[in-house]
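If you want the building blocks of each chain, they are given just below.
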Amino acid sequence: MHRLRAVFPGFLLLLLTAVSPAPGQETILLRPGKLFDGQTARLHEDWAVLVTGDRIAGVGPESTMDVSGVVREIDLPNLTLLPGLIEVPPAEWFMPKGV
């Protein structure tokens, strides 16, 4: 269940971009309860993610964003959004080539 919670935000973002009518045409504002940006060691509250078409257009405090072109707003108060993560088995990092 914990792994599902970690994967769900990325899946949600993928789903949102997949159903967009065309890149650059729709702007969505995601308002998670918390956001981990991968740059700092803390969770940010009152931050938002701006998605335009199939691209992330902005991440940060909503008060600093231009949200005038937002077509849809999605509140996610009980979720934590985080950047896409890649899982690589640690053994592959340390194994000599050809083994």
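Everything quoted here is computed from the prediction, not taken from an experiment.

Comments concerning the side chain of Asp37
Here is step 1 of the chain: With respect to the secondary-structure elements, Asp37 resides in the loop between strand S1 (27-35) and strand S2 (47-52).
Here is step 2 of the chain: One buried charged side chain, Asp37, makes no salt bridge at all; its nearest oppositely charged neighbour is Arg42, positioned 7.3 Å away.
Here is step 3 of the chain: For Asp37, the side chain forms a polar contact with the main-chain nitrogen of Thr40, separated by 3.1 Å.
Here is step 4 of the chain: Of the polar contacts made by the side chain of Asp37, one reaches the side chain of His44; its length is 3.1 Å.
Here is step 5 of the chain: The contacts of Asp37, once residues within four sequence positions are left out, are His44, Trp47 and Pro83.

Section: the pairing of strand S3 (residues 55-61)
Here is step 1 of the chain: When S2 meets S3, the two strands line up antiparallel, connected through 6 bridges. Within the sheet, the bridge partner assigned to Val51 lies in S3 and is Ile56.
Here is step 2 of the chain: The turn joining S2 and S3, which pair antiparallel and follow one another in sequence, is formed by 2 residues; a positive phi near 60° is taken by Gly53.

Some thoughts on the sheet that holds S3
Here is step 1 of the chain: Spatially, 4 strands are ordered S3-S2-S1-S4 in an open sheet, and the strand pairing comes out mixed. What marks the edges here is a single partner per strand, and that holds for S3 and strand S4 (72-81). Across the sheet, the axes of successive neighbouring strands diverge by a mean angle of 20°, strand direction being ignored.

Quick notes on the side chain of His44
Here is step 1 of the chain: When you line up the elements, His44 lands in the loop between S1 and S2.
Here is step 2 of the chain: There is a polar contact of 3.2 Å between the side chain of His44 and the side chain of Thr40.
Here is step 3 of the chain: Sequence-distant contacts of His44, defined by excluding residues within four places in its chain, comprise Gly33, Lys34, Leu35 and Asp37.

What about the pattern of salt bridges?
Here is step 1 of the chain: In the structure shown here, the tally under the stated rule is 5 salt bridges.
Here is step 2 of the chain: Of the charged contacts, one joins Glu62 and Arg31 as a salt bridge, the two residues approaching to 2.8 Å between their closest N and O atoms. Here Arg31 lies in strand S1 and Glu62 lies in the loop between S3 and S4, a separation of 31 residues in the sequence.
Here is step 3 of the chain: Note on Glu62: relative accessible area 24%, which makes it partly exposed.
Here is step 4 of the chain: When its relative accessible area of 22% is taken as the criterion, Arg31 is described as partly exposed.
Here is step 5 of the chain: For the salt bridge of Arg31 with Glu73, the shortest nitrogen-to-oxygen distance reads 2.9 Å. Separated by 42 residues along the polypeptide, Arg31 in strand S1 and Glu73 in strand S4 bring together distant segments of the chain.
Here is step 6 of the chain: For Glu73, a relative accessible area of 49% gives the class partly exposed.
Here is step 7 of the chain: Three or more residues are tied together by salt bridges with common partners; here these are Arg31, Glu62, Glu73 and Asp75.

Rules used throughout
Residues numbered from 1 in each chain as written. Predicted model: local features only at pLDDT ≥ 70, side-chain atom pairs only at ≥ 80, totals over all residues. Heavy atoms only, no water. Helix = DSSP H or I, 4+ residues; strand = E, 2+ residues; numbered from the N terminus. Buried < 20%, exposed > 50% of the residue type's maximum accessible area, 1.4 Å probe, protein only. Lys, Arg positive; Asp, Glu negative; His and termini not counted. Salt bridge = Lys/Arg side-chain N within 4 Å of Asp/Glu carboxyl O. Polar contact = N/O pair within 3.5 Å; in protein donor to acceptor, adjacent residues only side chain to side chain. Contact = heavy atoms within 4.5 Å. Pairing = 2+ DSSP bridges. Axes fitted to C-alpha atoms, helices over the stretch in contact; angles between N-to-C directions.

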